[in-house]
Structures are given as C-alpha cells and as structure tokens.
Amino acid sequence: MATLHNGAIEELKRHVKGQIVLPTDPNYDEVRKIWNAMINRRPAVIVQCKGPDDVPHAIQCARRNGLEISVRGAGHNIAGNAVCEGGMMIDLSPMKNVRVDAAKKRAYVEPGATLAEFDEAVQAHGLATPVGINSTTGISGLTLGGGFGWLTRKYGMTVDNVASVELVTANGKKVRASENENNDLFWAVRGGGGNFGVVTQFEFALHPVGPQVLAGLIVYPLDQAKQVLRQYREFVASAPEELSVWVVIRQAPPLPFLPKEVHGKEIVVLAIFYCGDIGAGEKVIAPLRRFGKTHGEHIGVQPYAQWQKAFDPLLTPGARNYWKSHNFRELRDEALDTMIEFARKLPSPQCEIFVAHIAGAANRVPTDAMAYSHRDARFVMNVHGRWDTATQDATGIAWARAFFDATTPHASGGTYVNFMTEDESGRAAAAYGANYARLADIKKQRDPENVFHLNQNIKP
Ligand SMILES: Cc1cc2nc3c(=O)[nH]c(=O)nc-3n(C[C@H](O)[C@H](O)[C@H](O)COP(=O)(O)OP(=O)(O)OC[C@H]3O[C@@H](n4cnc5c(N)ncnc54)[C@H](O)[C@@H]3O)c2cc1C
C-alpha cells in the first residue's frame, strides 16, 4: 500500500476542514466500507470532505504524492469504485446539505446526500424529481450515470432534470457548469459518470409530486408468469405516464399480506406507482389485478417519500452483490420466457430479476443532448445476484452471466453504466453508447492525465 509521509498528512490536516482517516484510526474500517460486501479495499488515506473547499486540497495532495483518487458519494455503486486500494478516497458523504427554493422549483444538493435525504427535503414542499428506488443510494453517483426511478416515465431521467453543477476539475479548479458556462462539462457530467471532476453541488429542477401517491404490489405465482408478463407488456404499452409498473421475479419474502405457504416460493411481482389523481389511478391500475389469480396484493395511498423506501429492507448493505444488466426497446416473447426459465433456478433467496419500465419523457430527449445516450431504452433489466457468503459467489455469478447471455439477443445492446460491475469495464463503450467519442474528446481536454479513472472510465 502507498503511504503518505507525515509532512503531507500534516499539510492535508492544516488545509482540510473535514476528518482525515488513516489505516491506523479506529473508524478506518467503518469509513472505507461500501454497500457491496464483495468489495474490500484499503485506501492509504481517506479525506472526509466537510465542504467544497476541502476537495481541491485533497486532489492536489493526491496528485503531488502520486496517489490514485477514488470518489465516494454514498458508496452504493456495485463496481465499488468509490474505494481504492492504496490511494486516496475522497469521501463526500459528510456533505449532505439540500436547499430547496420552492418558488423556483429548484433544489441545490451537496454530493453526499442520499435519496432519502433529498426526497425528504423536497417533499416538504410537495416537490420531487426522478431518482432511484432505494433510498440509501447516493444522489451523486446516481445522477452522474443517468438516474431513473418511479417518476422517469413522466419527468425523464435524473440527468434530464439537472440545471447546473459545481465541480472541482483535475487541476483542482472550482468551476460551475450549466447551459451557459463550461457547456462541455455540463454536457459530459450528465451521464459521463465521475470522469470529469468531483461534483460538489447539483442544481435540480423539481416538479409537484404527491405528497400522497397510489402505490404497492400485486403478487402472482410464477406458474402464471407467461400469461402475466405478456399481458403486462400489452398493458404498459398504452399506460399513462403517471403510471409505472415494474416487474420483480424472485422468491417471496415473508410479506405479511402473502399467505405463509407462499413465502420462499417463486413469484412475479408487479410493483405499481401512480403519481396522478388518486381516483383516476385506481381505475387505471384495475386491469393489473386480472392478469391471473393473484397470491395477494398490498396497494394503497401513501406518502411518496415512504414508497421511495419500500424496497430498502431487501437492499440492505453488507450482502455480496453481482449484477448484469441490459436495456430493451421491447420485451420479446423469447426474453420473457428466458426470465421465467432462470427464475426457476434462482441461486439464492435474495436474487431477483427486475424489469423497470421507463418509457416516456426520457425517450423524447435527443441522443446527443447530453452524455446519457440510451434514449431508445423502454425497459431496463437488472439481474440482481445477491447472497451472503463468498462460497456462493461462483454459483451466483454463473447464474447471472448465463441469464445475461441468454437474453442478449433480445436486448438493445446498450446498458446502464450505473449497473455495471467491476469486471465489466469492457462494456464502457456500450454504456456511453453513441456519445463515447465526444466524451473522450472532452476528457482529453479536461482530464488529459486521467486523474479521475476509478470509474467506468472514458479514456482521454
Ligand atoms: C440497491 C440499489 C438500488 C439501485 N437502484 C437504482 C435505481 O432505481 N435507479 C438508478 O438509476 N440507479 C439505481 N442504482 C444504481 C445507482 O445509481 C449507482 O449505484 C450509483 O452509482 C450510486 O451512487 P452513490 O453515490 O451511492 O455511489 P458511489 O459508489 O459513492 O459512487 C459511484 C461512483 O460515482 C462517482 N462519483 C460519486 N460521487 C461523485 C461526485 N460527487 N463527483 C464525481 N464523481 C462521483 C465515482 O466514480 C464513484 O465511484 C441502485 C443501486 C443500488 C445498490
């Protein structure tokens, strides 16, 4: 492991307001831990930034001392690039401030905020913007890769709602990027990941949402999956954009509304979210109950911020996670049948196949409007391999890869950069898609030495 000499550490401590955490410190193991327990790396130094002014000092110190830099938002990314081996981890998680200008429908968000912290602050004003479905995810990594969630059909990707960013570039300079300033950077950070600098503030456009929404689950047995999934596909093709229905195929967790004998059995879940008028929503969702004979349902009017946490208990940190993901323009019969086939051989009770329907506003943005390029994606599928012990890795990974391979012929060829694992760096070009060449050009100008390379890297 590289080490920082005492003089460099003392200098960092003099300039940085946040905490400097070293391998000898009692909180070191806690601070370097991230969501995916498969990743276990030991940085030489962790700089826990307290504010934007700490970031340039950290970058300059790392560069002077030849340390690799990793950047951590909330540490959720599956690939684990937030933490480095022997380098400097710039930990933004203490920077959590969310300021809302309700009149202008804008939020100014520091990079360490989680989705829960963001949603809570904006929902206090009845506002929201599309973000992901697990509330402990970081706003930073999610936004920089694209970001989608229950509001995406209506309001687009998270990046479609970014109005400006403040960031620190590779040379340690603080800059603002928007349509009018540093337009190249503004274009690049909206989908280009952490390749261009350390973002210290995001400005988001907000929309009136809820606070009460209609949401919940309808659960079917797997032996009805064929008819359920085909009807689902027809139904969502003409559903209003206030409605999102996602599919989760897995073994039933012990949910109280399911009969005990169903627990542990393979099920098809329709996860439902409607953000329009509640009475209208009740009518819109009614046909979803008639796709077969359900095991049960749990649907009701609830606060949007509460629904945003609904899946948290299944996605807690500390498990070993291995994902494979495809974008789809359409769900062909063959793809649906492959999902059912692989659902019959789930390698652990925590594994799931998950299909997000995101068709709508996101598809109407031109491909070259910003770095995020997958404007043809109507569905995002994630094979979510998850288990508790390293001895399960081989079987679980083999299952995820086999399923991924079997569905490849029916997918769009694009993939979501935020779902890529550490062994998928070969897919970076597919993940940045049609905009890769321009991204590489901007990278060459803004970070020619590839200081920010611990990410799904764009080579300068
Ligand atoms: C359980 C779970 C559920 C998810 N659900 C969704 C979902 O519904 N929708 C969706 O779109 N995504 C979802 N994701 C994926 C999520 O968007 C990514 O994992 C995202 O990278 C997490 O952001 P983070 O800040 O927590 O991650 P981190 O691991 O902290 O950061 C990821 C990477 O982003 C870069 N980075 C982070 N912050 C900064 C910054 N401020 N400046 C520069 N670079 C930075 C770094 O390269 C870092 O390695 C989910 C992930 C998990 C684990």
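Now for a look at the structure at hand. (Residues numbered from 1 in each chain as written. Predicted model: local features only at pLDDT ≥ 70, side-chain atom pairs only at ≥ 80, totals over all residues. Heavy atoms only, no water.)

**Notes on the packing of helix α11 (residues 333-343) against helix α12 (residues 393-407)**
- Interhelical geometry of α11 versus α12 gives an angle of 165° and a closest axis separation of 9 Å. On the basis of the axis angle, α11 is roughly antiparallel to α12. Read as a crossing pair, α11 and α12 show a hand that is right-handed. Contacts from A335, T338, M339 and F342 in α11 reach W399, A402, F403, A406 and T407 in α12.
- Looking at the contact of α11 with α12 residue by residue, the classes come out as seven nonpolar, two polar and no charged. (Axes fitted to C-alpha atoms, helices over the stretch in contact; angles between N-to-C directions. Helix = DSSP H or I, 4+ residues; strand = E, 2+ residues; numbered from the N terminus. Parallel < 35°, antiparallel > 145°, perpendicular 65-115°, else oblique. Left-handed = near helix turned anticlockwise from the far one by under 90°. Contact = heavy atoms within 4.5 Å. Nonpolar A, V, L, I, M, F, W, Y, C, P; charged D, E, K, R; others polar.)

**Some remarks on the sheet that holds strand β4 (residues 88-91)**
- The strand order β1-β2-β4-β3 describes an open sheet built from four strands, whose pairing is mixed. The outermost strands of the open sheet, each flanked by one partner alone, are β1 (19-21) and β3 (69-72). Looking at each pair of strands side by side, their axes are set apart by 20° on average, direction ignored.
- Here four bridges tie strand β2 (residues 45-48) to β4, and the two strands are oriented parallel to one another. Paired with V45 across the strands is M88, a residue of β4.
- Across the sheet, helix α3 (residues 54-64) lies against β2, β3 and β4, angled at about 170° from β4, the strand it touches most. (Pairing = 2+ DSSP bridges.)

**Examining the packing of helix α1 (residues 6-15) against α3**
- Relative to each other, α1 and α3 sit at 165°, their axes nearing to 10 Å. In terms of orientation, α1 and α3 fall into the roughly antiparallel class. Crossing hand, α1 versus α3: right-handed. Of the residues in α3, those in contact with E11, L12 and H15 of α1 are D54, H57, A58, C61 and R64.
- The class makeup of the residues in the contact of α1 with α3 is three nonpolar, two polar and three charged.

**Regarding the site of the ligand**
- Close to the ligand lie 34 residues, the nearest being G73, G75, N77, F148 and Y416.
- For the ligand, an oxygen atom lies 3.3 Å from a polar atom in the backbone of A82.
- Look at the ligand: alone it shows 960 Å² of surface, and the protein chains cover 97% of it.
- Going through the elements one at a time, β3, α5 (139-145) and β10 (198-205) are the ones with two or more residues in the shell around the ligand.
- Looking at which element gives the most residues to the shell around the ligand, the answer is α5, with four residues.
- Partitioning the shell around the ligand into residue classes produces 17 nonpolar, 16 polar and one charged. (Near = heavy atom within 4 Å. Polar contact = N/O pair within 3.5 Å; in protein donor to acceptor, adjacent residues only side chain to side chain. Areas by Shrake-Rupley, 256 points an atom, 1.4 Å probe, with all protein chains shown as cover.)

**A closer look at the pairing of strand β14 (residues 266-274)**
- Most of β14 is tucked away: eight of the nine residues are buried.
- Strand direction decides the pairing type here: strand β12 (residues 212-221) and β14, joined by eight bridges, are antiparallel. When the bridges of β14 are listed, I218 appears paired with L270.
- In this sheet, β14 lies alongside strand β13 (residues 243-251) in antiparallel orientation, the contact comprising nine bridges. Within β14, the residue paired with L243 across the bridge is Y274. (Buried < 20%, exposed > 50% of the residue type's maximum accessible area, 1.4 Å probe, protein only.)

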